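Chain by chain, the residues:
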Amino acid sequence: KSLEGWKASENASTFSVRDGTIVVDGPRSHLFYVGPVEGHDFKNFEFQAEVLTKPGANSGIYFHTRYQEEGWPAVGYEVQVNNTHSDPRKTGGLYAIQDVYEAPARDDEWFAVYFRVQGKRVIVKVDGKQLVDYVELENPERPESMTQRLLSSGTFALQGHDPESVIHYRNIMVRPLTE
């Protein structure tokens, strides 16, 4: 109904609420969850959302991240949301860690993105089909720009990638898990 409990970075106007959905439409920005659930610091959890992408759209759902005023979030992982954008990394992949190269969903149709983080393991499913089963190594090698892409704890963020990318998110649900 509103963006209460969420905080947008650099271009807040990229995010709005229409008909019960968070609409992403505008220049690069990230919408971080800053609400009261778990003090917006999640470690082990299940996350699910329904997503609708418009043709050529690119977005992502970050987790174990923290608020950052500008740029791409440096901390945490991103579950990619992209069915037809030119980026070859498609929906359901763990961006630049365990990528998916064939879109599992279609633009202009609602699809479910689910991921579970428990300990050092991440499972990602789209419409019930498992696409990623990743276990983080003790000291994973990362490029310089991704040294903080590690499992720890943190909040979630929805990505506004660029002005040509229009995405809708609804029925966002998180269930904290005990270790």
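Just so it is clear, the model here is predicted, and its values are computed rather than measured. (Residues numbered from 1 in each chain as written. Predicted model: local features only at pLDDT ≥ 70, side-chain atom pairs only at ≥ 80, totals over all residues. Heavy atoms only, no water.)

A.B. asks: Pulling in residues and values, what's your account of the sheet that holds strand 6 (residues 59–65)?
C.D. replies: Within the open sheet, the five strands sit side by side as 1-4-11-6-7. Their pairing is antiparallel. Edge strands, defined here as strands with exactly one partner in the open sheet, are strand 1 (6–8) and strand 7 (77–81). The average angle at which neighbouring strand axes cross in this sheet is 20 degrees, direction not considered. Where strand 4 (residues 29–33) meets strand 11 (residues 155–160), four bridges bridge the pair, whose relative direction is antiparallel. Following the sheet pairing, His30 is matched in strand 11 by Gln159. (Pairing = 2+ DSSP bridges. Helix = DSSP H or I, 4+ residues; strand = E, 2+ residues; numbered from the N terminus. Axes fitted to C-alpha atoms, helices over the stretch in contact; angles between N-to-C directions.)

A.B. asks: Mind laying out the pattern of salt bridges, listing which residues take part and the relevant values?
C.D. replies: Under the criterion given, the structure shown has ten salt bridges. Among the ionic pairs, Glu46 bridges to Arg175, the shortest N-O distance being 2.3 Å. Note that Glu46 is positioned in strand 5 (residues 45–53) and Arg175 in strand 12 (residues 166–176), a separation of 129 residues in sequence. The exposure class of Arg175 is partly exposed, given its relative accessible area of 48%. (Salt bridge = Lys/Arg side-chain N within 4 Å of Asp/Glu carboxyl O. Buried < 20%, exposed > 50% of the residue type's maximum accessible area, 1.4 Å probe, protein only.)

A.B. asks: Residues and numbers for the layout of surface pockets, please.
C.D. replies: Estimated volume of the largest pocket: approximately 330 Å³. Lining the largest pocket we find 19 residues, and of these Glu4, Trp6, Ile22, Tyr33 and Ile172 sit closest to its centre. Every element with two or more residues in the lining of the largest pocket is listed here: strand 3 (21–25) and strand 12. The greatest single-element share of the lining of the largest pocket, amounting to six residues, is contributed by strand 12. A class-by-class count of the residues in the lining of the largest pocket yields twelve nonpolar, four polar and three charged. Estimated volume of the second largest pocket: approximately 210 Å³. Taken together, 14 residues form the lining of the second largest pocket, with Tyr62, Trp72, Glu78, Tyr95 and Arg149 sitting closest to its centre. Within the lining of the second largest pocket, the residues separate by chemical class into six nonpolar, five polar and three charged. (1 Å grid on protein atoms, 1.4 Å probe; cavity = no way out; pocket = protein on both sides within 12 Å on 5 of 7 lines; lining within 4 Å. Points joined across faces, edges and corners; volume = space filled by probe spheres on them. Nonpolar A, V, L, I, M, F, W, Y, C, P; charged D, E, K, R; others polar.)

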